[in-house]
Amino acid sequence: MSYGKTFNNLFLSILFATIIFNTTSFSQNRVEISIMSGYQMLGTIDAYYNPGSFEGELNINNAAFYSAVFGYKVEREVIFEVQYLYQPTKTNFVYTGSAEIAFPAISDDIGMHYIMFGAIYEKPLSRTATGYGGLLIGTSGLVPDKDYESEWRLAFGITLGAKFMVSENIGIKIQTQGLFPVQWGSGNIYTGPNGEGYSVTSCTLITQVNVGGGLFYAFYLIN
């Protein structure tokens, strides 16, 4: 598996976040670091399998995901977040044409990667509980295990959740997300060494939804 583009995008994410934090001055800067896991669902693309141009659906199978989130409070109720999410899963191509053609089942191991930025609005619900929600923008990558090319696309997202402090610095988060990679126009999803792969012919908004939770550690940087 090739992770070159993954690491490059992650490096750019960290660099971008660092520039923003360095240009903003606060007497007390709250930072949150979260480690989360859960289950990610959906993800279907109308596609053609090449060679042969067999029309069907390319499905991203439901599977567990793992993510890390870095949050920085920029206002009293607003947190800027950088999130990296990884979902190891499979794709399967489902032929939707004539039933007279005996089209074989095709399945490949892939990794879905998301690197997202977002402004998260928080609303205190009690002394220890806080609700939150926000919008995300970034990039998504479909990285096959086999000798295929990785594909990175613009992605949007929505986050809703709640967090509960269990001590002064440690808390629990539960949340749900909608993630929407964009496939612009016609082109290949990915192609193999022998020209095999999947192609799309129109702009496609791919929808994935996840539900998860985890722990976070909150602390202050005092200037």
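Residues numbered from 1 in each chain as written. Predicted model: local features only at pLDDT ≥ 70, side-chain atom pairs only at ≥ 80, totals over all residues. Heavy atoms only, no water.

**Let's talk about the confidence of the model for the chain**
So, step 1. In this model, the chain carries an average pLDDT of 82, and 75% of its residues clear a pLDDT of 70 or more.
So, step 2. Segment residues 23–27: pLDDT under 50, and eight contacts once partners within four positions in sequence are set aside and those in other chains are kept. (pLDDT = per-residue confidence, 0-100. Contact = heavy atoms within 4.5 Å.)

**Topic: unusual backbone geometry**
So, step 1. Within the chain, Leu42 stands out as a residue other than glycine whose phi angle is a positive 70°.
So, step 2. Structurally, the position occupied by Leu42 is in the loop between β1 (28–41) and β2 (44–50). (Helix = DSSP H or I, 4+ residues; strand = E, 2+ residues; numbered from the N terminus.)

**Here's the deal with the nonpolar core**
So, step 1. Judged by nonpolar contacts, the single largest core of 24 residues is most densely connected at Ile45, Leu58, Met112, Tyr114, Met116, Ile189 and Tyr198.
So, step 2. Among the elements of the structure, β2, β3 (54–60), β5 (78–95), β6 (106–124), β7 (129–144) and β11 (197–200) are those that each provide at least two residues to this core.
So, step 3. No other element matches β6, which puts six residues into this core.
So, step 4. If we ignore the near neighbours within four places in the chain, the residues touching Met112 are Ile60, Leu85, Tyr86, Gln87, Thr89, Gly141, Leu142 and Gln208. (Core = buried A, V, L, I, M, F, W, Y, C linked by side-chain atoms within 4.5 Å. Buried < 20%, exposed > 50% of the residue type's maximum accessible area, 1.4 Å probe, protein only.)

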